[in-house]
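Descriptive structure summary
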Amino acid sequence: MNKDMHTAALSGPVLPLDSVLQRVERRNPAVQQYAYQAQAKQAAVAGASSWEAPKLSTGYWMTPYNQRPIREMNNGQGEGMQMVSVEQMLPNPAKQRARRAYLSSQSAGVLADRQYRVVQLRAQAKTLYVEQAVLTKKLAVLDENEELLRFLIKLAEARYPYNQATLPNIYDAKARLEMHLNDRRQAAAKAAQNLIMLNTLMNRPRDEAFAVDTTVLAAASLALTPADTAALAGRRSDIRSLDRALTTVRLSQDLEASRRRPDFGVRYDHMRGLGRTPNQFSLMGMVTIPLAPWAAREYRANTAALGFEAQALRKQREDVLNEASGRLASLQTDLALRREQTRAFERRILPALRRSYQATMLAYEQNTGQLFQVLEAWTALKRTRLEYLDNLQQQLTQQIAYEKELEQ
């Protein structure tokens, strides 16, 4: 069963990391939604220049309730008027400009949020891809060690009739083989989970198999330089998103302040006289007085509230930069440590353990060593090779986190 899991998780065409990242950015629904949100915000800008709907009214104006005495006096003709009235408010152009600028800024903020989401998804995909590459290497190591262990068991069983091997050593080797197979099953299951998660990020069928390019494990290391706050602010999309939000708040404040400007209106009334009453009209101009204290209270309070909100955003921006600088410094320290450990594994630890295993194996083949010595050397070499791959994965994961902080 574990062989099938290995084949399902790591078989199929090789999909390079760049292709995975491109598919995540193009196909992931979490990214696509921002494009529609930006279009929605931009579509709302078209309504910034709209006018209020005109008002149309009709009815009787200055018409007596009791027409009988009037008709008796006027030879059967009554008095009063039938009126049709049209009213239209004319918006202040300064208010329209302020509203248009405010709505336009919202679209830019959504696009900045989209870029921040893309950065997060790319880092997640990179991390899973590197882990899948490490699992590919681990499974290759485990398969190689499985063959060696089975060979040792067969050799010991062949030597047992000649008193050149003991039953406890043979049973110990078989137990180690089962523990080894459990390690392999766990690695294969994790590879299958990573395949599902990567396909989910790319919005592909969950069980669509592909292999990863293990050359990503040999990628060149980044140069670790002290983080400059100004440069960091220019790189990070979450800072740009906060800058856009700050711009939107400022424009919203301008929009509230524009409410102190008056609006104008015009009204035309046409009165058709009844009886002897002549036709008449009226033409009225109107202007609002937003500076009246009872009318100004709301927009003044909103303007002050938006000013405090802008100050909060500035402090949030400062906090994000402060935390990002701290994380970068911590990641630099950890990356330096991981690189030193990786070099130690490659240059000293693994070569020494490999020579130790080869020496004990040679001694066992020449009947001058014991099987348990070979098993101990084999186990130490296998565990250290896997530990080396774990350390390499942690190093690359930290490097991905470092790149994410710098948005490289």
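Residues numbered from 1 in each chain as written. Predicted model: local features only at pLDDT ≥ 70, side-chain atom pairs only at ≥ 80, totals over all residues. Heavy atoms only, no water.

If you look the protein chain up in an unreviewed UniProt entry, it shows as TolC family protein from Hymenobacter frigidus.

Each helix and strand counted, the protein chain has 10 helices and six strands in total. In terms of overall dimensions, the protein chain has C-alpha extents of about 145 × 45 × 30 Å along its principal axes. The proportion of buried residues among the 408 residues of the protein chain is 40%. Sequence separation of at least 24 residues holds for 82% of the intrachain contacts in the protein chain that already meet a minimum separation of 6. By element, 54% of the accessible surface of the protein chain is carried by carbon and sulfur atoms, the whole surface being about 23100 Å². Counting 56 positive and 42 negative side-chain charges, the protein chain places the averaged centre of each group 5 Å from the other. (Helix = DSSP H or I, 4+ residues; strand = E, 2+ residues; numbered from the N terminus. Buried < 20%, exposed > 50% of the residue type's maximum accessible area, 1.4 Å probe, protein only. Contact = heavy atoms within 4.5 Å. Areas by Shrake-Rupley, 256 points an atom, 1.4 Å probe, with all protein chains shown as cover. Lys, Arg positive; Asp, Glu negative; His and termini not counted. Charge placed at Lys NZ, Arg CZ, Asp CG, Glu CD.)

The next point concerns the pattern of salt bridges. For the structure shown, the criterion picks out 27 salt bridges. A salt bridge links D390 to K138; the nearest nitrogen and oxygen atoms lie 2.4 Å apart. One end of the pair, D390, is in helix α10 (residues 371-406); the other, K138, is in helix α5 (residues 93-159), with 252 residues separating them in the sequence. Taking the relative accessible area as the measure of exposure, D390 reaches 31% and is therefore partly exposed. Judged by its relative accessible area of 15%, K138 is buried. Through salt bridges with shared partners, one network takes in R236, D238, E323, R327 and E405. (Salt bridge = Lys/Arg side-chain N within 4 Å of Asp/Glu carboxyl O.)

So, about the pairing of strand β6 (residues 280-287). Judged from the eight bridges that link them, strand β5 (residues 264-273) and β6 form a sheet pairing that is antiparallel. Pairing of Y268 across the sheet is with L283, part of β6. Adjacent in sequence and paired antiparallel, β5 and β6 are bridged by six residues, among which G275 carries a positive phi angle near 70°. (Pairing = 2+ DSSP bridges.)

Attention shifts here to the side chain of Q106. Among the structural elements, Q106 can be located in helix α5. Side chain to side chain, Q106 and Y102 meet in a polar contact 3.1 Å long. Excluding anything up to four places from it in sequence, Q106 contacts K41 and T248. (Polar contact = N/O pair within 3.5 Å; in protein donor to acceptor, adjacent residues only side chain to side chain.)

Before going further, it helps to spend a moment on the sheet that holds β5. Pairing within the open sheet is antiparallel, and its four strands lie in the order β2-β3-β5-β6. The two strands at the open ends of the sheet, each matched to only one other strand, are β2 (55-61) and β6. Pairwise comparison of adjacent strand axes, ignoring direction, gives a mean angle of 15° for this sheet. (Axes fitted to C-alpha atoms, helices over the stretch in contact; angles between N-to-C directions.)

Let us now look at the nonpolar core. Among soluble globular proteins, nonpolar side chains are generally buried collectively. By size, the foremost hydrophobic cluster in this structure holds 58 residues, and its most contacted members are V20, V24, M202, F210, L217, Y357 and Y364. Looking at this core, the elements with two or more residues in it are α2 (17-27), α3 (29-45), α5, α6 (167-201), α9 (293-365) and α10. Once residues within four sequence positions are removed from consideration, Y364 is found in contact with L155, A156, R159, A165, G369, Q370, L371 and V374. Membership of the second largest hydrophobic core comes to 17 residues, among which are L232, A233, L242 and L246. (Core = buried A, V, L, I, M, F, W, Y, C linked by side-chain atoms within 4.5 Å.)

Another point: the packing of α2 against α3. Packed helices, taken two at a time, are described by their axes: the angle between them and the distance between them. At a minimum axis separation of 5 Å, α2 and α3 run at an interaxial angle of 45°. In terms of axis orientation, α2 runs oblique to α3. Two secondary-structure elements touch here, α2 through V24, E25, R26 and R27 and α3 through P29, V31 and Q32. (Parallel < 35°, antiparallel > 145°, perpendicular 65-115°, else oblique.)

Under the 1.5 Å per step criterion, the end-to-end length of helix α8 (residues 237-257) is 30 Å for 21 residues, consistent within 8% with the ideal 30 Å. Buried residues of α8: S237, D238, I239, S241, L242, L246, T248, V249, L251, S252, L255 and E256, and no others. Those residues of α8 hidden inside the fold are in contact with α5, α7 (229-235) and α9. (Expected span 1.5 Å × (residues − 1).)

Quick look at the packing of aromatic side chains now. Applying the stated criterion across every chain yields a total of two aromatic pairs. Over the face of the ring belonging to Y364 we find R159, whose NZ or CZ atom lies 4.5 Å from the ring centre. (Phe/Tyr/Trp six-rings, centres within 6.5 Å; stacked < 30°, edge-to-face > 60°. Lys NZ or Arg CZ within 6 Å of the ring centre and 35° of its normal.)

Two numbers describe how α5 lies on α9: the axes approach to 12 Å, and their chain directions differ by 20°. Taken together, α5 and α9 sit at an angle that is classed as roughly parallel. Here the hand of the crossing between α5 and α9 comes out left-handed. Across the interface between the two elements, L148, F151, L152, L155, A156 and R159 of α5 pack against Y357, M361, Y364 and E365 of α9. (Left-handed = near helix turned anticlockwise from the far one by under 90°.)

Another aspect to go through is a nonpolar patch on the surface. Taken together, W51, L90, F264, V266, Y268, F281, L283 and V287 make up a surface patch of nonpolar side chains, about 800 Å² in accessible area. Of all elements in the fold, only β5 and β6 reach the threshold of two or more residues within the nonpolar patch. Mapping F264 onto the fold places it in strand β5. The class of F264 is partly exposed, set by a relative accessible area of 40%. (Patch = residues over 30% accessible without salt bridge, like charges linked within 9 Å, V, L, I, M, F, W, Y side chains within 5 Å.)

As for its placement among the helices and strands, Q132 is situated in helix α5. Reaching out from Q132, the side chain makes a polar contact with the side chain of N194 at a distance of 3.4 Å.

Here the focus is a positive patch on the surface. Together, R97, R100, R260 and R261 make up a positively charged patch on the protein surface. Within the secondary structure layout, R260 lies in the loop between α8 and β5.

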